Amino acid sequence: MFGRLARTMYRRRRWVVGVWVFVFIASAAMASQVSKVLGPGEFTIPGSDAAKASAILDHKFNQNDQKVTLVALQNSRLLVSDLAYQKSVSTVVARIRADRTLHAKYLDNPLVSGNTQFISKDHHAVILTVSSTLAETDLEQQIDHLRTLTHLPGFKTYVLGTAAANHDYAITQQKDLARGDSITIPIMIAVLLLVFGAVVAALVPLMLAGCAIAVSLALVFVFAHFMSASIYVTNVVVFLGLGVAIDYTLFIVYRFRDELVAAGGDREQAVVRTMETTGRAVFFSGLTVAIALASLIMTQVSFMASMGLGGMLVPLAALLVAMTLLPAVLGFLGPNVNRWRVLPRRFLASSNGGVWRRVANAVMARPLVSGGLVLAVLLGLAYPLTQLNFAFGSLKNAPQNIESVAGYEFMKAHFTTTSDPTQITLQAHGTGSLRALDQLAGMRAFERQLRHDPEVSAVNGPADFISPTGQSTAQQRSQLGRYLTPDNRTAIISVVPRHEVGTKQNSDMVRRIRTVTQQFGQGALHGDTLYVGGASANYLAFDEALYSKFPLIIATVLILTYAFLFFAFRSVFLPFKAVLLNLLSVGAAYGALQLVFQRGIGSSVLGFSPEGGVAEWVPLFLFAFLFGLSMDYEVFLLSRMREHWLATGKNRESVAYGLEKTGRLISSAAAIMVIAFAGLLAGHEVQMKEFGFGLIASIALDATLIRLILVPSIMELMGNANWWLPGFLQRFAQTYDPFGDGAPAAIETEEEELESMTA
């Protein structure tokens, strides 16, 4: 299969390159527009109590946080009671109502409604509440227009809320992405020059990675028209694309140079042989990565599904490039792949793999000691994951120059409420009314219970504006409309937290509120339907939906990975070992994540303040990513070992040979991957820092302790059992080969290897 495909790509190389030029131009055009169709990602879980509360808040009260934008207006000279102040605010209100692009459905001016929560404590500022009929992504595109519309001379204006924050973060993400690329790409070029010693060979992986990234982003652009896709997908595609595509191309180009020497300069034979061996390994590796990332779609959570889809497209696009375009490009280049040498041949000759063979032999001489020590270190590093907490992330790590963040901080300092309260909806059923005396008594008791929570700052509900007799004054009635519908059958109880959404304290508070709500729903408010809503409740529902599928995702990834590796290596034990070592690598990464981002070890170096936990989506996403990426090095290492085993049947020699041939490349590939993901650490978003750090920690451990020490020690202990297959599986393997199994690779002599390294 791989040889035939490579031969076709070589012989049709002009057509192949021509088609890819067209594909790249079209993909780049679509990729340039991808940010316009991406949003924050949907965290609301359909059917959850939080989603039901959100629907009620939207349809009954125009208070759905995704469609509500807050406008804070401050004048340090004038008081809200001054006529000039009130006229200025009325001017802004009139502008918003008259504007046709905002589609304002509801607008609350606290100077008219008497809503004192939105009048500052010093009486120099007010907050207007604007509810729009626009979809969230469309509303985000109007934020800059709203900021222009609400500008007033002499006033400090803040536009904040969910849509404003998403708009501001999207811009920050684009800047972080550009800054990350400016840091990582030059370092990658330097590493590739050290690996190949020639400019042409070093540039080929970068150019093909750019092509894979463009295709991936173009596909994201297409899919984003049919599903909600997160702005984080762009970061994932770019950084993963740089790492994966460069790694795949690096291994193939490096093998091609060897095969070109072995084939006496015959380009076609070198291309075909390269793709039959290393190309085959790349294929299985790419499919393993894609399977792991595709598992995120199984969560059926929009945010995770979009991230999983975006991540899955990268290895598939990289495979498409590596299997079609790369053989054609190498066919054109031939010996010219070594043009423009920048390092002396002596440097590359001294970098021969002999050191890796010596490492393998040293490890295999004392496998129990070396393997046992590394295993103890990795298990010790993995232990902190047992104490891992979740915290979605607060604004304390956000750039303070973002207007929505500054506006939130201003609101927190000057007002008695927040932009993200926890809101409990109550609906009466039957013929009852929430203004009935027994219902009012139940709501008052409910509010008193909520106020006892140490994390609750304030509680507001309809019972606060109705006297014990069931009556209310004109001023109370004006406030009552925010908490009770005119038919007296649907109400809101708003809970203002002491800690902002995203902190562990806030999440724990919402869990306790859920418990209290359930108790009152079965007691004093029996017969009413109660739902706990708000941003924090949505995040908790997201967390629960996410991890309810985690065992299924783990099982699916493990089974499919084992199956693919069985076809790749025709062994019972090797796929099992690979799966176990990957789980160990992921566990160690989780432990490192807990130490750094939860306990704060090294937080000052990475530029963040500990949140008391990590974002809920990060561990699950890391599992999918790391399980795929860590398998890359396992596949390449075992592929070379298997080639030698098929040729010689000697286990120890095959292990040493495999490490000798891939040790330098795996180290270089891991360095490139680490550099790629280091770009995530350079940004402002703590959740992306968590993700990037977890990837870096796992890849670094995997390419050093696991591949260099643990793998050789285990394979030495297992001996020929590494390659064992029971009789019925041997017959199955001989008769069924879905991908084609290349013949054993030729074993280079010392002279041929040195010549290929220095050619």
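Report on the accompanying structure. (Residues numbered from 1 in each chain as written. Predicted model: local features only at pLDDT ≥ 70, side-chain atom pairs only at ≥ 80, totals over all residues. Heavy atoms only, no water.)

## So, the overall build of the chain
Counting its secondary structure elements, the chain contains 28 helices and eight strands. Taking 27 Å as the expected radius of gyration for a compact globule of 759 residues, we find that the chain reaches 30 Å, a close match to that expectation. For the chain, the residues scored as buried account for 61% of the 759 residues in total. Restricting to contacts in the chain with at least 6 residues of sequence separation, those with at least 24 account for 82%. Here the chain contributes 60 positive and 54 negative side-chain charges, whose respective centroids are spaced 2 Å apart. (Helix = DSSP H or I, 4+ residues; strand = E, 2+ residues; numbered from the N terminus. Rg over C-alpha atoms; globule rule 2.2 N^0.38 Å. Buried < 20%, exposed > 50% of the residue type's maximum accessible area, 1.4 Å probe, protein only. Contact = heavy atoms within 4.5 Å. Lys, Arg positive; Asp, Glu negative; His and termini not counted. Charge placed at Lys NZ, Arg CZ, Asp CG, Glu CD.)

## Focus on the nonpolar core
Ranked by internal contacts, the top residues of the largest apolar core, which has 211 residues, are Met304, Phe542, Trp617, Leu629, Phe677 and Phe691. When neighbours within four sequence positions are excluded, methionine 304 is seen to be in contact with Leu296, Thr299, Phe542, Leu546, Trp617, Leu620 and Phe621. Within the second largest apolar cluster, 36 residues are counted, among which are Val71, Val89, Leu107 and Met411. (Core = buried A, V, L, I, M, F, W, Y, C linked by side-chain atoms within 4.5 Å.)

## Remarks on the pattern of salt bridges
Under the criterion given, the structure shown has 22 salt bridges. The closest approach of N and O atoms between lysine 412 and glutamate 409, which form a salt bridge, is 3.4 Å. Of the two residues, lysine 412 and glutamate 409 are both situated in helix 16 (residues 403-414); the distance of three residues between them amounts to about one turn of the helix. When the shortest N-O distance is used, the salt bridge between aspartate 464 and arginine 451 registers 3.5 Å. A residue pair is termed long-range when its members are at least 10 positions apart, and aspartate 464 in the loop between strand 6 (456-460) and helix 18 (474-480) and arginine 451 in helix 17 (residues 437-451) qualify at 13 residues. (Salt bridge = Lys/Arg side-chain N within 4 Å of Asp/Glu carboxyl O.)

## Details of the packing of helix 15 (residues 367-382) against helix 22 (residues 573-598)
Contact geometry of helix 15 with helix 22 gives a least axis separation of 7 Å together with a crossing angle of 50°. Between helix 15 and helix 22, the angle is such that the two are oblique. Judged by the twist between their axes, the crossing of helix 15 over helix 22 is left-handed. Seen from helix 15, the contacting residues are Leu375, Leu378, Leu379, Leu381 and Ala382; seen from helix 22, they are Leu584, Gly587, Ala588, Gly591, Ala592 and Leu595. Here the residues of the contact of helix 15 with helix 22 are counted per class, giving nine nonpolar, two polar and no charged. (Axes fitted to C-alpha atoms, helices over the stretch in contact; angles between N-to-C directions. Parallel < 35°, antiparallel > 145°, perpendicular 65-115°, else oblique. Left-handed = near helix turned anticlockwise from the far one by under 90°. Nonpolar A, V, L, I, M, F, W, Y, C, P; charged D, E, K, R; others polar.)

## Quick look at the sheet that holds strand 8 (residues 529-533)
Pairing within the open sheet is antiparallel, and its four strands lie in the order 6-7-5-8. Bordering the open sheet on either side are strand 6 and strand 8, each of which pairs with just one other strand. Taken over all neighbouring pairs, the strand axes of this sheet differ in orientation by 20° on average, direction set aside. Pairing of strand 5 (residues 422-427) with strand 8, which is carried by five bridges, proceeds in the antiparallel orientation. Bridge pairing in strand 8 places glutamine 427 opposite threonine 529. Sitting on the sheet, helix 3 (residues 49-61) is in contact with strand 5, strand 7 (490-497) and strand 8, with an inclination near 95° to strand 8. Seen against the sheet, helix 17 touches strand 5, strand 6, strand 7 and strand 8 and runs at an angle of roughly 170° to strand 6. (Pairing = 2+ DSSP bridges.)

## Observations regarding the sheet that holds strand 4 (residues 156-160)
Taken together, the four strands give an open sheet; going across it, the order is 2-3-1-4, and neighbouring strands pair in antiparallel fashion. Looking at the sheet topology across the chains shown, the edges are occupied by strand 2 (104-108) and strand 4. This sheet shows a mean twist of 20° between the axes of neighbouring strands, independent of strand direction. Taken together, the four bridges between strand 2 and strand 3 (residues 125-132) define a ladder with antiparallel strand orientation. Bridging across to strand 3, alanine 104 finds its partner in serine 132.

## Regarding the packing of aromatic side chains
Inspection of the entire model under this criterion finds 16 aromatic pairs. Ring centres of tryptophan 617 and phenylalanine 691 lie 6.0 Å apart, and the angle between their planes is 50°; this geometry places the pair in the tilted category. Taken together, the positions of tryptophan 617 in helix 24 (residues 617-648) and phenylalanine 691 in helix 26 (residues 686-718) put the pair 74 residues apart, joining distant regions of the chain. Neither tryptophan 617 nor phenylalanine 691 differs from the other in exposure class; each is buried. Three or more aromatic residues joined by ring pairs form one cluster here, namely Phe390, Tyr547, Phe550 and Phe623. Lying over the aromatic face of tyrosine 10, arginine 13 brings its terminal NZ or CZ to 4.3 Å of the ring centre. The ring of phenylalanine 332 carries arginine 13 above its face, with NZ or CZ at 5.4 Å from the centroid. (Phe/Tyr/Trp six-rings, centres within 6.5 Å; stacked < 30°, edge-to-face > 60°. Lys NZ or Arg CZ within 6 Å of the ring centre and 35° of its normal.)

## A look at helix 25 (residues 651-681)
Within helix 25, the axis deviates most sharply at threonine 662, by approximately 45°. Counting buried positions along helix 25 yields 24 of 31 residues, so the element is predominantly enclosed. (Bend = angle between axes of the 7 residues up to and from the residue.)

## Here's the deal with the pairing of strand 4
Across the five residues of strand 4, four count as buried, placing the element largely inside the fold. With five bridges joining them, strand 1 (residues 68-74) and strand 4 adopt antiparallel strand pairing. Looking at the pairing, valine 71 lines up with valine 159 of strand 4.

## A word on the packing of helix 8 (residues 162-196) against helix 9 (residues 199-223)
Running from amino to carboxyl end, helix 8 crosses helix 9 at an angle of 130°, the nearest separation of the two axes being 8 Å. Taken together, helix 8 and helix 9 sit at an angle that is classed as oblique. The interaxial crossing formed by helix 8 with helix 9 has right-handed handedness. Contacts between helix 8 and helix 9 involve Ile189, Leu192, Leu193 and Phe196 from the first element and Val199, Ala201, Ala202, Pro205 and Leu206 from the second.

## A closer look at the environment of valine 301
Structurally, the position occupied by valine 301 is in the loop between helix 11 (267-294) and helix 12 (302-333). In this structure the C-alpha to C-alpha distance between valine 301 and threonine 44, which are 257 residues apart in sequence, comes to 8.3 Å.

## Topic: empty space enclosed by the protein
Scanning all chains against the criterion turns up 11 cavities of 30 Å³ or more. Taken together, 27 residues form the lining of the second largest cavity, with Gln63, Thr418, Ser419, Pro421 and Gln423 sitting closest to its centre. Considering each element in turn, the lining of the second largest cavity owes the most residues, three residues, to helix 3. By residue class, the composition of the lining of the second largest cavity is nine nonpolar, 15 polar and three charged. (1 Å grid on protein atoms, 1.4 Å probe; cavity = no way out; pocket = protein on both sides within 12 Å on 5 of 7 lines; lining within 4 Å. Points joined across faces, edges and corners; volume = space filled by probe spheres on them.)

## Examining the side chain of serine 370
Tracing the chain through its elements places serine 370 in helix 15. A polar contact of 3.3 Å, which involves the side chain of serine 370, links it to the backbone oxygen of valine 363. Those residues in contact with serine 370 that lie beyond four places of it in its chain are Val363, Ile709 and Ser713. (Polar contact = N/O pair within 3.5 Å; in protein donor to acceptor, adjacent residues only side chain to side chain.)

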